[in-house]
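So the chains spell out like this:
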Amino acid sequence: MGFCPEATTDWFQIYNGESKKQKSSPIVMANLAIPTIDLSPFFNNEDAENSKKRVKEIIRQACSEYGFFQVVNHGVPLDLLSRAMELSKAFFRFSDEEKLECNPNAGAPLPAGYSKQPEISPDKNEHILMFPPETGFNILPGNPPDFREAMEELFSYFTKAGQLVESIMNDSLGLPENFLKEYNNDRSWDFMVAMHYFPATESENNGITPHEDGNTVTFVVQDEAGGLEVCKNGEWIPVIPELGKIVVNLGDSIQVMTNKKFKSATHRVVRPKGRSRHSFAFFYNIQGDKWVEPLPQFAKEIGETAKYRGFFYKDYQALRMRNKTRPPARPEDAINITHYEISTS
């Protein structure tokens, strides 16, 4: 599977005693490595408090150690996920001429609409990006006929899922009630991407190079082709797609805000041979003018040194976009969150 950085102790093994058959257990073994967490306690009242407490503890450990997990019973309708995926596949089967009718909107925080990675990019995909419908940034196709409706409905459900996971993280961190919600209360920079990866060639199979996301929380749904891999214990672990499961990974912003209490997940996409790969990624974001820095609850209030200097989120977003539009000659020269890290030496 290959080596990846940041090997850590495997906390997941402590849950080996949990039986898959125990319906009350909020975690089940999945893919032998990736924890899957049942969020149903947050949608019903049966034994809710004890179950919620258990889920929060497991998510806290997942966020502290690796920054990724999978969720089921997450509130996003499965039929909507399936319908949206089929419509996305139909759109990407159109000719380049038809797809280019959705040329990006340059006035958006990121290019909203259809884009294709330039030849010089190591990433090999095309995608269509959308912001919240009310922002007016979106350029969505009229064909397939139901594409816009499905994308907007899926966006709405992902937003609710983001708010739920944010609330769970808030409590897992011991923050005052609704602290993160009030800190991050502007949803105008959230965005969703429908992606199509081209089949691997004989010489290379990279879809997206190893990276961490810049936001707070990302949700990923991939089709049966798979290809998503996450870094765990120094190894690249494939995330096998399963119906109804959504991958959750944390981004750099929450790592900075928690002063590294929670971890930004390292991941990549490997393209399969002989077939395309399709996915959705929803980025629960920070508004561009928001100042991001270690929260005092995880730094000066507990006598710890801040591990990052502060920044405006839009500035960090611009640096990350430069990595894509003007890739450095050496991958190690790409800007990431270490650009803001405070040296302790």
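Please read all numbers here as calculations on a predicted model, not as lab measurements.

## Some thoughts on the layout of surface pockets
Reasoning step 1: Its boundaries defined by the atoms lining it, the second largest pocket holds a volume of some 360 Å³.
Reasoning step 2: Around the second largest pocket, the lining comprises 20 residues; the ones closest to its centre are Val-221, Gln-222, Asp-223, Glu-242 and Leu-243.
Reasoning step 3: Elements that contribute at least two residues to the lining of the second largest pocket include exactly helix H2 (78-92) and strand E8 (217-222).
Reasoning step 4: Here the lining of the second largest pocket gets six residues from one element, more than from any other, and that element is H2.
Reasoning step 5: When grouped by side-chain class, the residues that make up the lining of the second largest pocket number ten nonpolar, four polar and six charged.

## Let's talk about the pattern of salt bridges
Reasoning step 1: Under the defined criterion, the tally for this structure stands at 18 salt bridges.
Reasoning step 2: Between Glu-153 and Arg-83 there is a salt bridge, and its shortest N-O distance comes to 3.2 Å. Within this pair, whereas Glu-153 is found in helix H4 (residues 147-172), its partner Arg-83 is found in helix H2, the two being separated by 70 residues in sequence.
Reasoning step 3: The class for Glu-153 is partly exposed, based on a relative accessible area of 29%.
Reasoning step 4: One salt bridge in this structure joins Glu-242 and Lys-245, with 3.3 Å as the shortest N-O distance.
Reasoning step 5: A single network of salt bridges, built from pairs that share partners, joins Lys-89, Asp-223, Glu-224 and Arg-275.

## What to know about the sheet that holds strand E9 (residues 228-232)
Reasoning step 1: Reading across the sheet, the four strands line up as E7-E12-E9-E10 and stay open at both edges, with antiparallel pairing between neighbours. Of all the strands in the sheet, the pair left with one neighbour each is strand E7 (206-211) and strand E10 (235-238). Strand-to-strand twist across the sheet, computed as the mean angle between neighbouring axes with direction ignored, equals 30°.
Reasoning step 2: Looking at chain direction, E9 and strand E12 (residues 267-270) are connected through three bridges and run antiparallel. Paired with Leu-228 across the two strands is Val-269, which belongs to E12.

## Things to note about the packing of helix H1 (residues 48-65) against H4
Packed helix pairs are characterised by how far apart their axes lie and by the angle those axes make with each other.
Reasoning step 1: Contact geometry of H1 with H4 gives a least axis separation of 9 Å together with a crossing angle of 85°. The pairing of H1 with H4 is recorded here as roughly perpendicular in orientation. Facing H1, whose interface residues are Lys-56, Ile-59, Arg-60 and Cys-63, H4 presents Ile-168, Met-169, Asp-171 and Ser-172.
Reasoning step 2: Here the contact of H1 with H4 is composed, by residue class, of four nonpolar, one polar and three charged.

## Looking at the side chain of Thr-159
Reasoning step 1: Residue position: Thr-159 is located in helix H4.
Reasoning step 2: Discounting chain neighbours no more than four positions away, the residues touching Thr-159 are Arg-187, Phe-282 and Tyr-284.

## Focus on unusual backbone geometry
Reasoning step 1: In this model, Asn-143 is joined to Pro-144 through a cis peptide bond whose omega is -5°.
Reasoning step 2: Within the fold, Pro-144 resides in the loop between strand E5 (125-130) and H4.
Reasoning step 3: A positive phi angle, near 65°, is found at Asn-178, a position not held by glycine.
Reasoning step 4: Relative to the elements of secondary structure, Asn-178 occurs in the loop between H4 and helix H5 (179-183).
Reasoning step 5: Owing to a relative accessible area of 36%, Asn-178 belongs among the partly exposed residues under this scheme.
Reasoning step 6: Positive phi values are uncommon outside glycine, yet Asn-233 reaches one of about 55°.
Reasoning step 7: Structurally, Asn-233 is set in the loop between E9 and E10.

Parameters and conventions
- Residues numbered from 1 in each chain as written.
- Predicted model: local features only at pLDDT ≥ 70, side-chain atom pairs only at ≥ 80, totals over all residues.
- Heavy atoms only, no water.
- 1 Å grid on protein atoms, 1.4 Å probe; cavity = no way out; pocket = protein on both sides within 12 Å on 5 of 7 lines; lining within 4 Å.
- Points joined across faces, edges and corners; volume = space filled by probe spheres on them.
- Helix = DSSP H or I, 4+ residues; strand = E, 2+ residues; numbered from the N terminus.
- Nonpolar A, V, L, I, M, F, W, Y, C, P; charged D, E, K, R; others polar.
- Salt bridge = Lys/Arg side-chain N within 4 Å of Asp/Glu carboxyl O.
- Buried < 20%, exposed > 50% of the residue type's maximum accessible area, 1.4 Å probe, protein only.
- Pairing = 2+ DSSP bridges.
- Axes fitted to C-alpha atoms, helices over the stretch in contact; angles between N-to-C directions.
- Parallel < 35°, antiparallel > 145°, perpendicular 65-115°, else oblique.
- Contact = heavy atoms within 4.5 Å.

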